[in-house]
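These are the residues of each chain, in order.
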Amino acid sequence: YLVLIHLFLGKSCRFIAKPCAINLGIQDSGPHRAQPNAILEKVFTSITKSPDGKRLEGLSKQLDWDVRKIQRWFRHRRNQDKPTTLTKFCESMWRFTFYLSIFFYGIRFLWTAPWFWDTRQCWYNYPFQPLTSRLYYYYILELAFYWSLMFSQFTDIKRKDFLIMFVHHLATIGLITFSYMNNMVRVGTLVLCLHDASDFLLEAAKLANYAKYQRLCDAFFMLFGVVFIVTRLGIYPFWILNTTLFESWELIGPYPSWWLFNGLLVTLQVLHVIWSYLIIRTASKALVRGKVSKDDRSDVESSSEEEDVTSNSTKGIFSTSSNGSNRLNGHVAGGQWTGE
């Protein structure tokens, strides 16, 4: 039920986001459309979307077209199915709204929680720890949101890190569900709040990018990168993993589900390392070029070798992912930024 509410709110938020986007000058126009051609369309839909050199030569002779013109046609044809900048702006605004709201709710709730200041409190009197209503709603809202991300991943904007984000969502849902069932909600709230700390900054950077506020976009991305690396490579292993791996072992001893619980947490840490590498690589290139560049997860292809860049291409930042990569829900790499 809560998942359906989240999906409904996500769609409803776009009714608010769309007027905002239009006021910022974001047009509901997609990439340059390919010239109608029955032969190429049949190849594209029935055989391959990325023909090899031999097939390109054959099509060139059949149509009496230059090979580069055929390559350009296939690129435009692939891109015309991609979502518009307006669609991506609306999606990012919905996620930004949720991440920001749930982060401040979590901080406000945890500020008065004893285990926020002393992680050993997560294991005192375990498993006989009360489940307050505020803690319950915080947990359920987070769980519903990640379930909605899991479902919407198949209908929302497709990105190159689809598999990584799918594993991330599975691990997150598994952790939330498992910790709730085993009454490990205290340490679970710390994990949730820590992960929410950087996500809204990523979405803010994407919003600025879509609105073509380049300096604001770069500033948000750099801030996101710093917060992400500090929280995921610093605080997470030395604060969260320390208490789940060592303090829990010391205070309550080994238990059957200990290995599964910590296995999922370590899986998240591996994903953190991968995403941090992508962020650092992007930041390094940005320092050299003076701007943040294209996302590795970009869902619109680059046309660096062609003179006709698609109409929704802009200079600037990436997506993640979060979904990235979002998703983070978004990570970046070299090249010109092309929408997300």
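The residue count restarts for each chain, going from 1 along the sequence in the order it is written. Selection of residues for local features in this predicted model requires a pLDDT of at least 70, selection of side-chain atom pairs for listing and counting requires 80 or more, and totals for whole chains, interfaces and linings are taken over all residues. Side-chain descriptors were evaluated using all non-hydrogen atoms of the structure, hydrogens and water having been removed beforehand.

### Looking at the overall build of the protein
Defined as follows: Segments assigned H or I by DSSP are reported as helices when at least four residues long, segments assigned E as strands when at least two residues long, and all are numbered from the N terminus. Only protein chains enter the calculation, and the probe is 1.4 Å; a residue is then buried if its accessible area is under 20% of its type maximum, exposed if over 50%, and partly exposed in between. Here, Shrake-Rupley sampling with a 1.4 Å probe gives the accessible areas, and only protein chains in the shown set may cover a residue.
Looking only at helices and strands, one finds eleven helices and zero strands in the protein. Reading the protein from its N end, one meets helices and strands in the order α-α-α-α-α-α-α-α-α-α-α. Expressed as a percentage of the 340 residues in the protein, the buried residues total 54%. Accessible area of the protein: about 16000 Å², with a carbon and sulfur share of 64%.

### Structural notes on empty space enclosed by the protein
Cut-off, in case you're wondering: Cavities and pockets are found on a 1 Å grid laid over the protein atoms alone: a cavity is a set of points where a 1.4 Å probe fits but cannot escape, a pocket is an open set with protein on both sides within 12 Å along at least five of seven lines, and a lining residue has an atom within 4 Å of such a point. Grid points are joined across faces, edges and corners, and a volume is the space filled by probe spheres set on the points. Residues are sorted three ways: Asp, Glu, Lys and Arg are charged, Ala, Val, Leu, Ile, Met, Phe, Trp, Tyr, Cys and Pro are nonpolar, and all the rest, Gly among them, are polar.
There is about 120 Å³ of room inside the largest cavity. Around the largest cavity, the lining is made up of 13 residues, and of these Leu175, Ile176, Gly188, Val191 and Leu192 lie nearest the centre. Those elements that provide at least two residues to the lining of the largest cavity are helix 7 (133–152), helix 8 (162–181), helix 9 (185–210) and helix 11 (258–289). Each residue belonging to the lining of the largest cavity can be placed in one class, and the counts come to nine nonpolar, four polar and no charged.

### Quick notes on the packing of aromatic side chains
Condition: Stacked, edge-to-face and tilted labels apply to pairs of Phe, Tyr and Trp rings (six-membered ring for Trp) whose centres lie within 6.5 Å, assigned for plane angles under 30 degrees, over 60, and everything in between, in that order. We call a charge positioned over a ring when the NZ of a Lys or the CZ of an Arg lies within 6 Å of the ring centre and within 35 degrees of the ring normal.
With the rule as written, the count across this model stands at 26 aromatic pairs. With centroids separated by 6.1 Å and ring planes inclined at 40°, the aromatic side chains of Trp111 and Phe116 adopt a geometry described as tilted. Grouping aromatic residues by their ring pairs yields a cluster made of Trp94, Phe98, Tyr99, Phe145 and Tyr146. For Lys69, the ring lying beneath its charged end belongs to Trp65, and the centroid distance is 4.3 Å.

### Focus on the nonpolar core
Threshold: In these notes, a set of buried Ala, Val, Leu, Ile, Met, Phe, Trp, Tyr and Cys residues joined through side-chain atoms within 4.5 Å is what counts as a nonpolar core. Whether two residues are in contact is decided by their heavy atoms, any of which lying within 4.5 Å being enough.
In terms of nonpolar packing, the biggest core is built from 56 residues, with Leu110, Trp115, Met184, Tyr236 and Phe261 touching the most fellow members. Among the elements that line this core, the one with the most residues is helix 9, at twelve residues. Non-local contacts of Phe261, meaning those with residues more than four positions away in its chain, are made with Trp123, Leu175, Phe178, Ser179, Met184, Val187, Thr244 and Tyr255.

### Considering unusual backbone geometry
Tyr126 connects to Pro127 through a cis peptide bond whose omega is 5°. For Pro127, the position within the fold is in the loop between helix 6 (114–117) and helix 7. Non-glycine residue Lys212 carries a positive phi angle of around 65°. Tracing the chain through its elements places Lys212 in the loop between helix 9 and helix 10 (214–252).

### As for the UniProt feature "transmembrane region" (unreviewed entry) in the protein
Short version of the rule: UniProt positions are given in the numbering used here, feature names are shortened, and annotations may be inferred rather than shown by experiment.
Those residues carrying the UniProt feature "transmembrane region" (unreviewed entry) are residues 96–116, 136–155, 162–181, 220–239 and 259–280 in this numbering. Each end of residues 96–116 is marked by a C-alpha atom, and these two atoms are 25 Å apart; helix forms 86% of the span and strand 0%. Annotation note: span residues 162–181, helix share 100%, strand share 0%, distance between end C-alpha atoms 28 Å.

### Quick look at the environment of Thr48
Short version of the rule: N or O atoms within 3.5 Å of each other form a polar contact, as long as, within protein, one can give a hydrogen and the other can take it, and as long as residues adjacent in sequence are counted only when both atoms are side-chain atoms.
Structurally, Thr48 can be placed in the loop between helix 2 (38–46) and helix 3 (53–63). The spatial distance from the C-alpha of Thr48 to the C-alpha of Phe74 is 9.7 Å, given a sequence separation of 26 residues. Among residues more than four places away in sequence, those in contact with Thr48 are Val43, Arg55 and Phe74. At 3.1 Å, the side chain of Thr48 forms a polar contact with the backbone nitrogen of Ser50.

### Looking at the packing of helix 7 against helix 9
The line we're drawing: A fitted line through C-alpha atoms serves as each axis, taken over the contacting stretch for helices, and the angle formed by two N-to-C directions is quoted from 0 to 180°. To sort the angles, those under 35 degrees are grouped as roughly parallel, those over 145 as roughly antiparallel, those from 65 to 115 as roughly perpendicular, and the leftovers as oblique. Should the near helix be turned anticlockwise from the far one by less than a right angle, the crossing is left-handed, and should it be turned clockwise, the crossing is right-handed.
Taken N-terminus to C-terminus, the directions of helix 7 and helix 9 make an angle of 55°; their axes are 11 Å apart at the nearest point. One element, helix 7, and the other, helix 9, form an angle in the oblique class. The way helix 7 lies across helix 9 gives a crossing that is left-handed. On helix 9, the residues touching Leu135, Tyr138, Tyr139, Glu142 and Tyr146 of helix 7 are Val185, Gly188, Thr189, Leu192, Cys193, Asp196 and Asp199.

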